[in-house]
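Breakdown of the fold
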Amino acid sequence: MDTKLILVAEDDPVLKNLLGHTFAGKYQTLYARDGAEALALFEKYKPALLMLDLLMPGVDGFAVLEKIRGRQDEFKSVPIIIVSNLGAEKDKQRARELGATDYLVKAENSIDEIVARIAKALGE
Amino acid sequence: MPLGGFLAIFFLLLAAASGGALWYYSTHALAAVLSGAAYLFAVGKSLALAAFILAAVAIIFFIIARLLAAPLKRITRAMQAFADKGIRAPIRVPRLAPREVRELIGEFAKMSASVEAAQAHDKEVARVKSDFISTAAHQLRTPLTAVRWALEALSATPLSEDQRSLVENATAKSKDLVAIVGTLLDISLIESGKYKYQFAPLDLAALLENALADFIPLAGEHGVHLALAPGAAAPPVRADAERIKWVLNNLIENAIRYTPSGGSVTLSLAVAAGVAFLRVRDTGIGILPQDRGNIFERFFRGGNALSKESEGNGLGLYIARQIARDHGGDISFAANENGPGTTFTLALPVA
């Protein structure tokens, strides 16, 4: 079975490596270091899912979310899972209102949990 | 006072006239008739004077009322509006109002302005504090995430038994730290009144049964017998299930931690007069008399804490009571005067 392509927007290199470790073999993974890069990679590769951090230099996760959900094509509904250390209810609510598929507070979840939620969002 | 003065004058005049009349009558029989007329005349004059003075008094009262009472009433109303709703409106008074009244209004305006400024300052401090806490939480979580995930990756590799137990310990502690950060965030929100409760009907008996199951292992570790009193039933309460569960967990955990091995912790549920009472009764070390007034204070910890192991962060009861009160309920406790045992009661209004 061919592996799906997921895009991970995560600016912390340590966390990126740890995720890469886990995703290896499960998914084809693309990494973006900031929001602008995430949008560019999304446009170019049309991934099956976007795992999105909120606090990133330049264009932040909220802006990325808004931009993608505002698209006019079928890629506007690609599952977007917020994985951030912002955990306040107001952040969660804002992300939900902007159309996030799921929301995970990084520190409160294991990588296994994140993998499980990605699988769920992909309907696997 | 003017009325009293008038009466005094009136009676003096009356007495003088009567005295004079008697004297005339005793000396001159003829003159007595005349003196009677003079007497009546004097009385008539006094009555006219009385009417005049009365009118003058009424006018003075009216002016005093206009210049003093009406402005005072307005000042009172303005103070009420400010105290109740924080409304600051100019107070209008007649131009002839006494200087003292105007000064009072001026001082009140100054005072209310400074109260308003102090409130604005407090709000700003609260905002900065809450911003600081959410930023700090984010700053703490980022490295904690790396620690947790790295430990998770490490535990997925082949490890010796010693290494595995070290990794497990480190994992457990890093999870504790994450939980503390979350609690701090929740507390700052609850304390600032910004926490958004998700109110829904809650079955307290089921909540207690679940809590019992959750805490049996911890109770076992401490050699404490944990039980649910029979007959626990109550109509549903309107509550935020997650938060009330957190409150109950805190009470149960405290009870277990402060109860020496061999003791017991009993949960019970009762309803009276539209209020559900969840009780957590322990046979623990009790609460020192000097500590009783402080246990609901922030960061307070009992002076008789059993050991380092029973250390909490001192935030539990403080925030638990706040949550109970946000639900229209409260938390109270009863401790034995001499000897062991404490009962904490969480009271929640029945929906």
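**Some points on the overall build of chain A**
Per the secondary structure count, chain A includes five helices and five strands. Shown N-terminal to C-terminal, the secondary structure of chain A runs as helices and strands in the order β-α-β-α-β-α-β-α-β-α. Counting the 124 residues in chain A, one finds 36% classified as buried. Looking at chain A alone, contacts between residues at least 24 apart form 55% of all its contacts between residues at least 6 apart.

**Observations regarding the interface of chain A and chain B**
The partner chain B presents 17 residues to the 15 residues of chain A that form the contact. Looking at which element gives the most residues to the side of chain A that touches chain B, the answer is helix α1 (residues 13-23) of chain A, with four residues. The class makeup of the residues in the side of chain A that touches chain B is seven nonpolar, four polar and four charged.

**As for the sheet that holds strand β5 (residues 275-282) of chain B**
All names here are of chain B. Across the sheet, which stays open at both edges, the five strands sit in the order β2-β4-β5-β7-β6 with mixed pairing between neighbours. With one partner strand each, in any of the chains shown, β2 (225-228) and β6 (330-335) form the two edges of the open sheet. Across the sheet, the mean angle from the axis of one strand to that of its neighbour is 20 degrees, orientation sign disregarded. Pairing between strand β4 (residues 264-272) and β5: eight bridges, direction antiparallel.

**Considering the sheet that holds strand β2 (residues 28-32) of chain A**
Residue and element names in this part refer to chain A. Taken in spatial order, the five strands of this open sheet run β2-β1-β3-β4-β5, and their pairing is parallel. The sheet is open, and its two edges are formed by β2 and β5 (102-105), each paired on a single side. Averaged over all adjacent pairs, the angle separating strand axes in this sheet is 20 degrees, with direction ignored. Two elements, strand β3 (residues 49-52) and strand β4 (residues 80-84), share three bridges in a ladder whose sense is parallel. In the sheet register, Met51 faces β4, and the bridge partner there is Ile81. Sitting on the sheet, helix α3 (residues 61-69) is in contact with β1 (5-9), β3 and β4, with an inclination near 175 degrees to β4.

**Section: the pairing of strand β3 (residues 237-240) of chain B**
Residue and element names in this part refer to chain B. Burial along β3 is one-sided: the face carrying Val237 and Ala239 is buried and the face carrying Arg238 and Asp240 is not. Sheet topology places strand β1 (residues 199-202) next to β3; four bridges connect them, and they run antiparallel. Pairing of Ala200 across the sheet is with Ala239, part of β3.

**Let's talk about the nonpolar core**
Looking at soluble globular proteins, one finds that nonpolar side chains tend to be buried together. Residues and elements named next belong to chain B. Formed by 38 residues in total, the largest nonpolar core has its most connected members in Leu248, Leu251, Ile252 and Leu346. Those elements that provide at least two residues to this core are α5 (204-221), β3, α6 (241-257), β4, β5, α7 (316-326) and β7 (342-349). Of the residues forming this core, the biggest block, seven residues, is contributed by α6. Sequence-distant contacts of Leu346, defined by excluding residues within four places in its chain, comprise Val247, Leu248, Leu251, Leu278, Ala324, Gly329 and Ile331.

**Observations regarding the environment of Pro340 of chain B**
Residue and element names in this part refer to chain B. Along the chain, Pro340 falls in the loop between β6 and β7. As for Pro340 and Gly284, which are separated by 56 residues in sequence, their C-alpha atoms are 5.5 Å apart. Not counting chain neighbours up to four residues away, the residues in contact with Pro340 comprise Thr283, Gly284, Ile285 and Gly286.

**A word on the confidence of the model for chain B**
All names here are of chain B. Residue-level pLDDT values for chain B average 82, and 84% of them are 70 or greater. Across residues 306-310, where pLDDT falls below 50, the model places six contacts with residues more than four positions away in sequence or in other chains. ipTM for the predicted complex: 0.85, alongside a pTM of 0.59.

**Quick notes on the packing of helix α2 (residues 35-45) of chain A against α3 of chain A**
All names here are of chain A. One way to put it is that α2 packs onto α3 with a least axis distance of 9 Å and a crossing angle of 25 degrees. Relative to α3, the element α2 lies roughly parallel. For α2 against α3, the interelement crossing comes out right-handed. Together, Gly35, Ala38, Leu39 and Phe42 of α2 and Gly61, Ala63, Val64, Lys67 and Ile68 of α3 make up the contact between the two elements. The residue makeup of the contact of α2 with α3, split by class, is six nonpolar, two polar and one charged.

Calculation criteria
- Residues numbered from 1 in each chain as written.
- Chains lettered and ligands numbered in written order.
- Predicted model: local features only at pLDDT ≥ 70, side-chain atom pairs only at ≥ 80, totals over all residues.
- Helix = DSSP H or I, 4+ residues; strand = E, 2+ residues; numbered from the N terminus.
- Buried ≥ 20, exposed ≤ 12 C-beta atoms within 10 Å, placed from the backbone.
- Contact = placed C-beta atoms within 7 Å.
- Nonpolar A, V, L, I, M, F, W, Y, C, P; charged D, E, K, R; others polar.
- Pairing = 2+ DSSP bridges.
- Axes fitted to C-alpha atoms, helices over the stretch in contact; angles between N-to-C directions.
- Core = buried A, V, L, I, M, F, W, Y, C linked by C-beta atoms within 7 Å.
- pLDDT = per-residue confidence, 0-100.
- Parallel < 35°, antiparallel > 145°, perpendicular 65-115°, else oblique.
- Left-handed = near helix turned anticlockwise from the far one by under 90°.

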